[in-house]
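Analysis of the macromolecular model
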Amino acid sequence: MFAAERRQLILEMVRANGAVSLRELARVVQTSEVTVRRDVRALEAEGLLDRRHGGAVLPGGFTRESGFPQKSHLATAEKTAIADLAASFVEEGEAIVVGAGTTTQELARRLARVPGLTVVTNSLLVAQALAHANRVEVVMTGGTLRGSNYALVGSGAEQSLHGLRVSRAFLSGSGLTAERGLSTSNMLSASVDRALVQAAAEVVVLADHTKLGTDTMFQTVPTDVITRLVTDEPPAHDDRAATELQALADQGVQIAVAGSSQGADAVPAARQPRPLPGPRRGQHQLPGAGPGAAFRGASALGGEQAAAGAGDRARVADLRRR
């Protein structure tokens, strides 16, 4: 296939799907990812598409957001590995919140095997993945359905989370940088994600390497509120993702790399985070939140979790009655 033919086919695929991974493009045009990356670069120079880590998307800058069908085809193997690792952090009998997204949907499929779990979510896809898990209780927020990502958003969703307290929040987004933290392209989704964060003592972000170094319009979780990032190992050529990982570790975010030979909680030696300073993880507060929204870090939970368990379940039950 000539270069012009390849590029025309690549452009048609991106226009049809909104976003396509380099791996999928290489498979369809039957060439190497290196060649496809060169083609994508040429098409970007003409303004016909935008490059993203690991793929190509329709041009549109900060305001464009791909729908669920397009996102589900990006970095699928990486999302599976991240979900496997993230599920290992969830303990029997916990109460957690899980946000909307393709990676969190993969996580939910694995949570179906955790007995005694209570999952609060605004995602129809997360709820569907857990619907037949007889040992997992699913609590859904209220709100207005946002069809592009099958999530409940708006004031109804946010109000139903008021007063809720759980051990962990698992969230994904459109981009992650050390400077701004997790971000998304939609204002309503960002607002609900912030409410989910306020309900949790720890915040775990699930983001594959294609999200690292990408900044989108609405901030959802500032970097200093993120307890842990679960990600995959960036490719050797992806210097920007590797640099962003190091910057996040330098700010105290615990990095867990799926597929790392050093284990689930291990960070490659070059990316070991600094020891977490006490005040930084002791109290976290989102911009504009009152004193009651302060976060307690993981170190403060220790002996309190057993005593707090009954109270957490009572609040979850109260949310369900609403």
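Residues numbered from 1 in each chain as written. Predicted model: local features only at pLDDT ≥ 70, side-chain atom pairs only at ≥ 80, totals over all residues. Heavy atoms only, no water.

**Side note on the pattern of salt bridges**
Applying the stated rule across the entire model yields 11 salt bridges. Between Asp39 and Arg7 there is a salt bridge, and its shortest N-O distance comes to 2.9 Å. Note that Asp39 is positioned in helix H3 (residues 33-45) and Arg7 in helix H1 (residues 3-17), a separation of 32 residues in sequence. The exposure class assigned to Arg7 is partly exposed, which follows from its relative accessible area of 26%. (Salt bridge = Lys/Arg side-chain N within 4 Å of Asp/Glu carboxyl O. Helix = DSSP H or I, 4+ residues; strand = E, 2+ residues; numbered from the N terminus. Buried < 20%, exposed > 50% of the residue type's maximum accessible area, 1.4 Å probe, protein only.)

**Structural notes on the nonpolar core**
Judged by nonpolar contacts, the single largest core of 35 residues is most densely connected at Leu176, Val205, Val221, Leu229, Leu248 and Ile255. Among the secondary structure elements, those contributing two or more residues to this core are strand E4 (95-98), strand E9 (166-171), helix H9 (187-198), strand E12 (200-206), helix H10 (239-250) and strand E15 (254-258). Beyond its immediate chain neighbours, meaning those up to four positions away, Val221 contacts Leu171, Arg180, Gly181, Leu182, Val197, Val203 and Ile226. With 25 residues, the next largest nonpolar core counts Ala87, Val90, Leu111 and Val114 among its residues. (Core = buried A, V, L, I, M, F, W, Y, C linked by side-chain atoms within 4.5 Å. Contact = heavy atoms within 4.5 Å.)

**Some thoughts on helix H5 (residues 76-87)**
With 12 residues, H5 should reach 16 Å at 1.5 Å per residue; the first-to-last C-alpha distance of 17 Å fits that figure. Looking only at H5, the buried set comprises Glu78, Lys79, Ile82, Ala83, Leu85, Ala86 and Ala87. (Expected span 1.5 Å × (residues − 1).)

**Some remarks on the packing of aromatic side chains**
Tallied over the entire structure, the rule returns zero aromatic pairs. We note Arg228 situated over the ring of Phe89; from NZ or CZ to the ring centre the distance is 4.0 Å. (Phe/Tyr/Trp six-rings, centres within 6.5 Å; stacked < 30°, edge-to-face > 60°. Lys NZ or Arg CZ within 6 Å of the ring centre and 35° of its normal.)

**Remarks on the packing of helix H2 (residues 22-29) against H3**
It is at 9 Å that the axes of H2 and H3 come closest, and there the two elements cross at 105 degrees. Taken together, the axes of H2 and H3 lie roughly perpendicular to each other. The segment H2 lies against H3, with Leu22, Arg23, Leu25, Ala26 and Val29 engaging Glu33, Val36, Arg37 and Val40. Residue composition of the contact of H2 with H3, by class: six nonpolar, no polar and three charged. (Axes fitted to C-alpha atoms, helices over the stretch in contact; angles between N-to-C directions. Parallel < 35°, antiparallel > 145°, perpendicular 65-115°, else oblique. Nonpolar A, V, L, I, M, F, W, Y, C, P; charged D, E, K, R; others polar.)

**Considering the sheet that holds strand E3 (residues 55-57)**
Whenever strands of a sheet pair, they do so through backbone hydrogen bonds, lying parallel or antiparallel. With respect to topology, three strands assemble into an open sheet ordered E1-E3-E2, the strand pairing being antiparallel. Edge strands, defined here as strands with exactly one partner in the open sheet, are strand E1 (19-21) and strand E2 (50-52). Across the sheet, the mean angle from the axis of one strand to that of its neighbour is 25 degrees, orientation sign disregarded. As paired elements, E1 and E3 share three bridges and run antiparallel to each other. Paired with Ser21 across the strands is Gly55, a residue of E3. Sitting on the sheet, H2 is in contact with E1 and E3, with an inclination near 80 degrees to E1. (Pairing = 2+ DSSP bridges.)

**What to know about the confidence of the model for the protein chain**
Per-chain confidence: the protein chain averages 78 in pLDDT, with 74% of residues scoring 70 or above. Low confidence marks residues 61-66, where pLDDT is under 50. Its contacts with residues over four positions away, or in another chain, come to 19 contacts. The low-confidence segment residues 68-73, where pLDDT is below 50, has 16 contacts with residues more than four positions distant or belonging to other chains. (pLDDT = per-residue confidence, 0-100.)

**A word on the sheet that holds strand E13 (residues 218-221)**
If you walk across this open sheet you meet the three strands as E10-E11-E13, and the pairing is antiparallel. Both edges of this open sheet fall to strand E10 (175-177) and E13, since each of them pairs with a single strand only. When the angles between neighbouring strand axes are averaged without regard to direction, this sheet yields 40 degrees. Pairing analysis gives three bridges linking strand E11 (residues 181-184) to E13, with the strands arranged antiparallel. Looking at the pairing, Ser183 lines up with Gln219 of E13. Contacts between H9 and the sheet are confined to E11 and E13, with E13 contributing the most and set at about 20 degrees to the helix.

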